[in-house]
Structure formats: structure tokens, C-alpha cells
Amino acid sequence: MRHTHPLTVVIYGVVGIAAGFVLEVALAAAGMPVLIPPYTLTITLVAAAVIVVVLAVPIRRSIRGTSKARINPFRAMRIVLLAKASTLVGSLIAGFGIGVVVFLLTRPVVADVGSVWPGIATALAGVVLLTAGLVAERLCTLPPDEPETK
């Protein structure tokens, strides 16, 4: 399995920015209250980031040989997929938070500071999840095969 390509992460981030901004515009145009991400989303994303890295550490220990415990290859693959998904979701949510903040800051009537901080916190938590996913992917990487000499 290949590492997540940086262009994919950027595309997901741009899609998140567009989705956050367009959703806020649509809600405001319909006369409905705009979406302010709750702080519990931030806490949940950071907790998920910690869990992803903690799950990847035993695999890294097994790969490096510092642990004698044998790792089930299916478990290792699931953790790598979780790390890849965390990278993409973190990028999407970080973009969404940025889109919300951009909308709130570009309104003719400047939003209350209490409305902007949750968007910033969501964007930062998305970046934390993105980073944790990338770190976990790297922790689960097997070293390159050595060529056989005959």
C-alpha cells in the first residue's frame, strides 16, 4: 500500500473549504442560523488522533524488532487503513473549519468572536487528525526488501 499522496490531501482540504463556505452561504441565504462547529467536535478529533497513533506504535515496535509480540497482518492492515482514513478526514474537516471561518470573517457584519473560535478550533483539530494519520501511516511502513544475493 502506498502512502497518502500530498495532492490528495490538498484536494480534500480544498473540497472541505468549499463545502464549509457554501454551506454557510446557503444557510445564511435561506435565513437560517449559520453552522458553528461545537467544541466537542474538536475534543473528539483530538482524541481520535491520539488513538490512531497509539494503535500504530505496537506495529512499529514489531517492525523494528524491539517487541517480540507477533502482530496479526490483518490488524496491521486495518490500522494502516484507519491512518489513511484519518488523514483524509482530517484534511476535509480542517478545510471545512477554514471555510466556516472565512465565511464568518468576510460577512459585511463581523461575527462575534465567540462564533469564530469554534471554527478555528475545528480547523486546528482537523490538522491534528491529519498529522496523526500521516504519522501513523509512517509508523506502519515496512522497511524496503533487501535484494537476494545468489
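Caption draft 1: Inspection of the side chain of Thr4 at higher detail. Note on placement: Thr4 falls in the segment before helix H1 (6–29). Polar contacts involving the side chain of Thr4 include one to the side chain of Lys84, which spans 3.2 Å. At 2.6 Å, the side chain of Thr4 and the side chain of Glu137 are in polar contact. Apart from residues no more than four positions distant in its own chain, Thr4 is found in contact with Val9, Lys84, Thr87, Leu88 and Glu137.

Caption draft 2: Representation of the packing of helix H2 (residues 39–64) against helix H3 (residues 73–105). It is the contact of H2 with H3, at a shortest axis distance of 10 Å, that shows an interaxial angle of 150°. With respect to each other, H2 and H3 are oriented roughly antiparallel. The two elements H2 and H3 meet at a crossing, and its hand is left-handed. Judged by residue contacts, Leu45, Val52, Leu55, Ala56 and Ile59 of H2 engage Arg75, Ala76, Ile79, Leu82, Ala83, Ser86 and Ile93 from H3. Across the contact of H2 with H3, the residue classes tally to 10 nonpolar, 1 polar and 1 charged.

Caption draft 3: Looking closely at the nonpolar core. Among the nonpolar cores identified, the biggest contains 11 residues, and these are Val52, Ala56, Ile59, Ile71, Ala76, Ile79, Val80, Ala83, Ala136, Leu139 and Cys140. For this core, the secondary structure elements donating two or more residues are H2, H3 and helix H4 (113–139). A total of 4 residues in this core trace back to one element, the largest contributor, which is H3. Contacts of Ile79, omitting those with residues within four sequence positions, involve Leu55, Ala56, Ile59 and Cys140.

Calculation rules
- Residues numbered from 1 in each chain as written.
- Predicted model: local features only at pLDDT ≥ 70, side-chain atom pairs only at ≥ 80, totals over all residues.
- Heavy atoms only, no water.
- Helix = DSSP H or I, 4+ residues; strand = E, 2+ residues; numbered from the N terminus.
- Polar contact = N/O pair within 3.5 Å; in protein donor to acceptor, adjacent residues only side chain to side chain.
- Contact = heavy atoms within 4.5 Å.
- Axes fitted to C-alpha atoms, helices over the stretch in contact; angles between N-to-C directions.
- Parallel < 35°, antiparallel > 145°, perpendicular 65-115°, else oblique.
- Left-handed = near helix turned anticlockwise from the far one by under 90°.
- Nonpolar A, V, L, I, M, F, W, Y, C, P; charged D, E, K, R; others polar.
- Core = buried A, V, L, I, M, F, W, Y, C linked by side-chain atoms within 4.5 Å.
- Buried < 20%, exposed > 50% of the residue type's maximum accessible area, 1.4 Å probe, protein only.

Bear in mind that shape data such as this cannot, by itself, settle questions of function.
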